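Close look at the chain arrangement
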Amino acid sequence: MLLFFTLGLFVHFVFFVSIFDIYFTSPLVHGMTPQFTSLPPPARRLVLFVADGLRADALYELDENGNSRAPFIRNIIMHEGSWGISHTHVPTESRPGHVALIAGFYEDVSAVAKGWKENPVEFDSLFNESKYTWSWGSPDILPMFAKGASGDHVYTYSYNAQREDFGAHDATKLDTWVFDNVKEFFHAARNNQSLFSKINEEKIVFFLHLLGIDTNGHAHRPSSREYKDNIKIVDDGVKEIVSMFKHFYRNDGKTAFIFTSDHGMTDWGSHGAGHPSETLTPLVTWGAGIKYPQKVSAQHFDDEFLKEWGLEEWKRRDVNQADIAPLMASLIGVPFPLNSVGILPMDYLNNTDLFKAESIFTNAVQMLEQFKVKMTQKKETTLPFLFTPFKLLSGSKQMNILRKARSYIEQGEFDEAISLCKELIHLALKGLSYYHTYDRFFLATNVVLGFVGWTVYASLLIIKSCSNLTRCVNKVKKPSHLLPCFVAIGILIAFFLLIQGCPWTYYVYCLLPVPIWYAVLKEFQVIQDLIASILAFPLSHFVGYLLVFILGIEVLVLSFFYRYMLTAGLTAFAVWPFLNQLWTRAKITSLSWTFFCLLLAVFPLMPVVGRKPDISLVMGAGLLVLLLSLFVLTSLLKRKTSFGKAEILVHLLQMINTVLSMYIVYSTHNSLFKKQGLPLMNQIVSWATLASSLVVPLLSSPVLFWRLFSILLSLMSTYLLLSTGYEALFPLVLSCLMFIWIYMEQETLQQSGIFSKQKLTSIQFSYNTDITQFRQLYLDDVRRAFFLVFFLVTAFFGTGNIASINSFDLASVYCFLTVFSPFMMGALMMWKILIPFVLVMCAFEAVQLTTQLSSKSLFLIVLVLSDIMALQFFFLIKDCGSWLDIGTSRFLELLILYTAPHSPYPSTWTTILLFVNVTTLTPSFISHYVIVMSMAIFLVFLNGLAQLLTTKKLNLCGKPKSHLL
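Reading the values: the criteria
- Each chain has its residues counted from 1, running along the sequence as written.
- Since the coordinates come from a predicted model, pLDDT governs what is reported: local features require at least 70, and pairs of side-chain atoms require 80 or more to be given and counted, while whole-chain, interface and lining totals use all residues.
- The side-chain figures draw on all heavy atoms in the structure; neither hydrogens nor water molecules are used.
- Two strands are said to pair when DSSP picks up at least two bridges between them.
- Helix numbers and strand numbers start at the N terminus; a helix is a DSSP run of H or I with at least 4 residues, a strand a run of E with at least 2.
- The contact definition used throughout considers only heavy atoms, calling two residues in contact when any of these lie within 4.5 Å.
- Between the N-to-C directions of two axes lies an angle of 0 to 180 degrees, each axis being a line fitted to C-alpha atoms and, for a helix, fitted only over the stretch in contact.
- In this scheme, a residue with accessible area under 20% of its type's maximum is buried, one over 50% is exposed, and one in between is partly exposed, where area comes from a 1.4 Å probe on protein chains only.
- Pairing of N or O atoms within 3.5 Å defines a polar contact, subject to two protein rules: one partner must be a possible hydrogen donor and the other a possible acceptor, and residues neighboring in sequence count only if both atoms are side-chain atoms.
- Working definition: roughly parallel below 35 degrees, roughly antiparallel above 145 degrees, roughly perpendicular at 65 to 115 degrees, and oblique for all remaining angles.
- Whether a crossing is left-handed or right-handed is set by the direction in which the near helix is turned from the far one by less than a right angle, anticlockwise for left-handed and clockwise for right-handed.
- Each residue gets one label: Ala, Val, Leu, Ile, Met, Phe, Trp, Tyr, Cys and Pro are nonpolar, Asp, Glu, Lys and Arg are charged, and the others, such as Gly, are polar.
- Pairing of aromatic rings covers Phe, Tyr and Trp, the last through its six-membered ring, and needs centres within 6.5 Å; plane angles under 30 degrees mean stacked, over 60 mean edge-to-face, and all others mean tilted.
- By the criterion adopted, a ring carries a charge over it if an Arg CZ or a Lys NZ lies within 6 Å of its centre and within 35 degrees of its normal.
- Nonpolar cores are built from buried Ala, Val, Leu, Ile, Met, Phe, Trp, Tyr and Cys residues. Side-chain atoms within 4.5 Å join them into one set.

A closer look at the sheet that holds strand β3 (residues 132–137)
- Within the open sheet, the eight strands sit side by side as β4-β3-β5-β1-β6-β7-β2-β8. Their pairing is mixed. Looking at strand neighbours, the two that pair on one side only are β4 (154–158) and β8 (319–320), the edges of this open sheet.
- Direction of pairing for strand β2 (residues 82–87) relative to strand β7 (residues 280–287): antiparallel, over a ladder of six bridges. Within β7, the position partnered with tryptophan 83 by the bridge is valine 284.
- The sheet strands contacting helix α3 (residues 71–79) are β2, β6 (255–260) and β7, and the helix crosses β7 at an angle near 65°.
- Along the sheet, helix α13 (residues 324–332) makes contact with β1 (45–51), β2, β5 (204–210), β6, β7 and β8, crossing β6 at roughly 170°.

What about the pairing of β5?
- Of all seven residues making up β5, seven are buried, and the element is well covered by its neighbours.
- Taking every second residue as pointing to the same face, both faces of β5 are buried, with Ile204, Phe206, Leu208 and Leu210 on one and Val205, Phe207 and His209 on the other.
- As paired strands, β1 and β5 are joined by seven bridges and run parallel to one another. Opposite arginine 45, over in β5, you have isoleucine 204 as the bridge partner.
- One ladder, built from five bridges, connects β3 with β5; its direction is parallel. Within β5, the residue paired with tryptophan 134 across the bridge is phenylalanine 206.

Concerning the side chain of threonine 260
- Residue position: threonine 260 is located in strand β6.
- A polar contact of 2.7 Å, which involves the side chain of threonine 260, links it to the backbone oxygen of proline 282.
- Beyond its immediate chain neighbours, meaning those up to four positions away, threonine 260 contacts Leu48, Phe49, Val50, Ala51, Ser86, Leu101, Thr281, Pro282, Leu283 and Ile324.

Considering the packing of helix α23 (residues 564–574) against helix α31 (residues 779–797)
- Across the interface, α23 lies against α31 with an axial gap of 11 Å and an inter-helix angle of 140°. Taken together, α23 and α31 sit at an angle that is classed as oblique. Like other packed secondary-structure pairs, α23 and α31 cross with a definite hand, here left-handed. Between α23, through Leu566, Gly569, Leu570 and Phe573, and α31, the contact on the second element is made entirely by Phe786, Phe787, Phe790, Phe791, Val793, Thr794 and Phe797.
- Within the contact of α23 with α31, the residues separate by chemical class into nine nonpolar, two polar and no charged.

Digging into the packing of aromatic side chains
- Tallied over the entire structure, the rule returns 66 aromatic pairs.
- When the centroid spacing of 5.6 Å and the interplanar angle of 15° are considered together, the rings of tryptophan 136 and tyrosine 157 count as stacked. One end of the pair, tryptophan 136, is in strand β3; the other, tyrosine 157, is in strand β4, and 21 residues separate them in sequence.
- On the basis of relative accessibility, which here comes to 1%, the residue tryptophan 136 falls in the buried class.
- Since its relative accessible area comes to 32%, tyrosine 157 is described here as partly exposed.
- The residue whose ring lies beneath arginine 406 is phenylalanine 361, and the NZ or CZ to ring-centre distance is 4.5 Å.
- Note that lysine 587 overlies the ring of tryptophan 583, its terminal NZ or CZ placed 5.5 Å from the centroid.

Some remarks on the side chain of glutamine 299
- Along the chain, the position of glutamine 299 falls in the loop between β7 and α12 (305–309).
- Side-chain polar atoms of glutamine 299 contact the backbone oxygen of glutamate 312, separated by 2.9 Å.
- A polar side-chain atom of glutamine 299 sits 2.9 Å from the main-chain carbonyl oxygen of tryptophan 314.
- Filtering out sequence-adjacent residues up to four positions away, glutamine 299 remains in contact with Leu306, Leu311, Glu312, Glu313, Trp314, Lys315 and Arg316.

Structural notes on the nonpolar core
- Ranked by size, the top nonpolar core spans 155 residues in total, and within it Phe573, Trp593, Trp741, Phe791 and Met869 carry the most contacts.
- For this core, the leading source of residues is helix α32 (residues 822–851), giving 16 residues.
- Beyond its immediate stretch of four places on either side in the chain, phenylalanine 573 contacts Trp593, Cys597, Phe786, Phe787, Phe790 and Phe791.
- Listed in part, the 66 residues of the second largest apolar core include Leu344, Phe371, Ala417 and Ile425.

What follows is the structure in structure tokens.
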């Protein structure tokens, strides 16, 4: 069995990693030739302002008095330049936004492993193509463009990371630091001949990264006075910098200015997903090469923003965020970034038609270069008779479009040339996507084969070793030809991959199904016995159980998308005692179960946690924990149960710790509200509480009820410190339901006549359990495993959709730290998520102990259930969007692509078209697949943590004393 679990961990690790090789490989290619126009550019220099976290509406709208928060920018819109909305892509984070702005492509998710700071892949950027770039701002953003640049021509000036403090008195200092340092830089340049010469060169860029708005938005919300005042400070700073540039360069008219943002922000102060408040960012441009304002009588947009902002008369020009990179490159005459997928927004250019046509022609050639390199790479690693080129952009069509476009330009027919170039760009982008996903169908098919095989094998192992449905199969003779056949298949697959020069990961994905299906077919006798047992089972009962099983699985799957499905499931759980006659045996227990199921069912109906902080609810949760602690202590004392002094001391210590946690939350909230920062003592106590949360329970009695209650008290103290609102009540209600669940399972087994009920105050957790007490699995044990999976999913999604980074509220970690630290903050948020998980696992340890069921047996059932869910999510993954929005499967799109009757691609695999059409009805997210796979992988480790918390005993002093509760 140990070998099986080891193999299972390896298989699930492969399945987990496979999605990153199949769906999330880097789209970048290398080896292209830089492309630029030979015509003189309109600007010698470019100034890029990026106001991090600035929403479009926050900049453009008028305040309650009808005045603009950014009068200088408003004046630019009306008298000097062009404006619009930059539509960002998800995930709406700082690094992907800046990469799109400056490098022109939408970064793949591999960058998240580096915390959005380092360069997981090499890419070209506007800064790299410039002659010189000077940048000021955050140490989280500037270094990645300097490290990605060739040579030593990108200069960065950053403040200390400790300045990024969400609890600081005045976050606007981050922006004033940038403005002040830019002014000092130009002042110093007047006395430095070398520097003065450099900043008077052409093709240079000045980048000002302004983080104050984002910091204030996280700390105080975008509706706050701090956020709005910060916009005014940025507007004043931009005005001063523009005036300084004009004065320094003697109004030569050769400076282009771009003002935009990397992403917006939700009303509750977060970003990362695809809400319009996050994806709509401002874009204001003026100066050399930029069109002047244009008055229009009517504009046609799907939104009502123009009227709300009072900008109906001024032409709005919307772009995709990546389009800004080729715009900036065109303005100063540098090559377009090699990996850019942005399309030059010519409506912003104030230049001749010839310049516009030449620029878009260069843009098209730059896109086509990427396409050619991608096609060549794929062709070299595919056998000639298997290679299927992208037929919509053949070599002859490429040459034909380029030749026609060049001819139109030479003849002065610029509109026709521009139209052709745009067509070529769109075809090149489709072709890039085609070759990037070329192997996806092949790899995904192999992973699915392995996935299905593993699930079947685990199911057969459950039936064979943990139930009485099969006969003794040890004496059954195995087919002698089975092994040679599978060995031959493995050799053929390996040879096929070898001659194509595939990477080593392809061998893992393609060869793994071979031994898995060999193991399945070796259990042929078990399959026969299973079929015989099913045929002997009443058909109506079998169909009923199957439908209930399918319904249960689909409720779990849908709960990942619609939290109210958890409410539906918990409501169904509430009536369970009345369906199996438990009500007649244990009325109080059944009513308690129903009450707490319905109470827990309220949480998924509430707004996502973090959007409306309410510290009073955190205080209320702490008070309920104290009242419950007093009730438990007094009730046990009234029963004259003998305690050891150590147990009483531990219990009182945990109560004091709860009170202390309540004080820390209240004190920290007040201190941050007064902008006095995080008190050092609060920070020390918070970290001490976190560190002791897994140690203090080990000092309590190993008696089942007492140990579980000690774990609850200890973890609740930490959870209070990480809470901002109603979610503080969630683990308390969940734990009460878990206690009732233990009683309910005892009643269920007693009703079945398996064994008599024991008091929870007389059962002790023991690390060395007598395996002779374990029983075989019954059909009802599948229901127990389903309950566990459902409660785990409820623990994940009960108070919010943790699959989305947009649901994270940084205020949750302010008791521990306020200085921006993505990994530390992420670790704290992850522990907050895992606390309900640990509570459920500890309760399940008690269920296994009280029902005398092997944890290995139930783990196998849970594994099968989670694998069935994960398989559905695997089909529904897509490779773009936020952690919340990544949903529709490109694998399914490829299936449809290859099966469509009129597709330009080979018509194969037609037999699975119906399956595809059915499967595509349900959307999903990559994070959902990750969660389910993590559940399978880490369940064994969390089970070990639960065993440690429930069975281990530390003694304060002397020898351990035994007490009967």
